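Structural overview
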Amino acid sequence: MKNFSVVFLTCLLAHMISCSLAFSQDFRSWEPADGIAVRQGHHVEWFRSGAYRLDGELPGEAGITWSDCRNGDRGVFIQVMDAEGETKFPENGLQVVDGDNRQEEPVIAACSDGGWFVAWVEFRSDTLGNIYCTKVNAEGEMLWGEENIGLPIGSAPSVQEAPVIVEDADGGCIVAWRDHRHRGDAGDIYAMHVLSDGRIDPDWTENGVAVVSVPGAQVNHEAVSDGDGGMIISWK
């Protein structure tokens, strides 16, 4: 089982947001100076996430995923910019999933092999929400799960929400989320490991391992890679 480094914090991990990418001592500025159009038009939703790649295959790339209502209910789309700021996928984004009901709260992480992991809350078959994910390779192909569906990783009969995601350093990923299966509105933190071939790790409990499951609410969780295939996760 992949390792967790569990850190009890009462404050959140700080996010560092940068307007430019730095790698291999090469500092680049994208043009135009007032920004690159990622998605233009109507029906852009408010759920969005970004990640960047500083090493491995295709260093200097940035990936963005968002929830989008262009086809009716919310779906999930992705766009990737290369190190020069050129978009790699179709104009206004590549569809990851856009099925019945809603797909929202997408999160993204870079894979060292040049691909991207995307996880989201899926309402297709459960109005309370389940956690799904997939891997998108450098050519924009969905590698995990059924086409336009993805891979279900957290489908307990309750609310699952607010996923976070990191690479496992071996072509797979770890996803954690807030889960209400035992505590109603309080919520605990669960996680799942997906192997590089898109299989759920057989050493992990079905529908997720409990990271913390104690009385009271566990909220505002954040996660980063531990640099050794595991996840460091904090919560309030």
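Let me begin by describing the structure that accompanies this report. Please read these numbers as outputs of a predicted model, since none were measured by experiment. (Residues numbered from 1 in each chain as written. Predicted model: local features only at pLDDT ≥ 70, side-chain atom pairs only at ≥ 80, totals over all residues. Heavy atoms only, no water.)

Grouped burial of nonpolar side chains is what soluble globular proteins tend to show. I153, I165, V175 and I233 are the most contacted members of the largest nonpolar core, which has 33 residues in total. Beyond its immediate stretch of four places on either side in the chain, I165 contacts V107, I108, A109, F117, V118, A119, C173, I174 and V175. If you look at the next biggest cluster of nonpolar residues, it comprises 15 residues, including A51, V96, A110 and Y132. (Core = buried A, V, L, I, M, F, W, Y, C linked by side-chain atoms within 4.5 Å. Buried < 20%, exposed > 50% of the residue type's maximum accessible area, 1.4 Å probe, protein only. Contact = heavy atoms within 4.5 Å.)

By secondary structure assignment, the location of A169 is in the loop between strand 12 (160-167) and strand 13 (173-179). Spatially, the C-alpha atoms of A169 and G229 are 4.8 Å apart, while their sequence positions differ by 60 residues. (Helix = DSSP H or I, 4+ residues; strand = E, 2+ residues; numbered from the N terminus.)

One pass over the full model with this rule turns up 11 salt bridges. Because the salt bridges share partners, they merge into one network encompassing R39, D68 and R70. (Salt bridge = Lys/Arg side-chain N within 4 Å of Asp/Glu carboxyl O.)

With respect to topology, four strands assemble into an open sheet ordered 12-13-14-15, the strand pairing being antiparallel. Each end of this open sheet is capped by a strand with a single partner; those strands are strand 12 and strand 15 (209-212). Averaged over all pairs of adjacent strands, the angle between their axes in this sheet comes to 30 degrees, without regard to strand direction. Alignment of strand 14 (residues 188-194) against strand 15, held across three bridges, turns out to be antiparallel. (Pairing = 2+ DSSP bridges. Axes fitted to C-alpha atoms, helices over the stretch in contact; angles between N-to-C directions.)

Enumeration according to the criterion identifies three aromatic pairs in this entry. Ring geometry for W66 against F77: centres 6.5 Å apart, planes inclined by 20 degrees, an arrangement best described as stacked. You can see W66 sitting in strand 5 (residues 62-68) and its partner F77 sitting in strand 6 (residues 75-81), a full 11 residues away along the chain. Judged by relative accessible area, which is 4%, W66 ranks as buried. On the basis of an interplanar angle of 35 degrees and a centroid distance of 5.6 Å, the ring pair of F117 and W144 is categorised as tilted. On the criterion of sequence distance, the pair formed by F117 in strand 9 (residues 116-122) and W144 in the loop between strand 10 (130-136) and strand 11 (151-154) is long-range, its members being 27 residues apart. (Phe/Tyr/Trp six-rings, centres within 6.5 Å; stacked < 30°, edge-to-face > 60°.)

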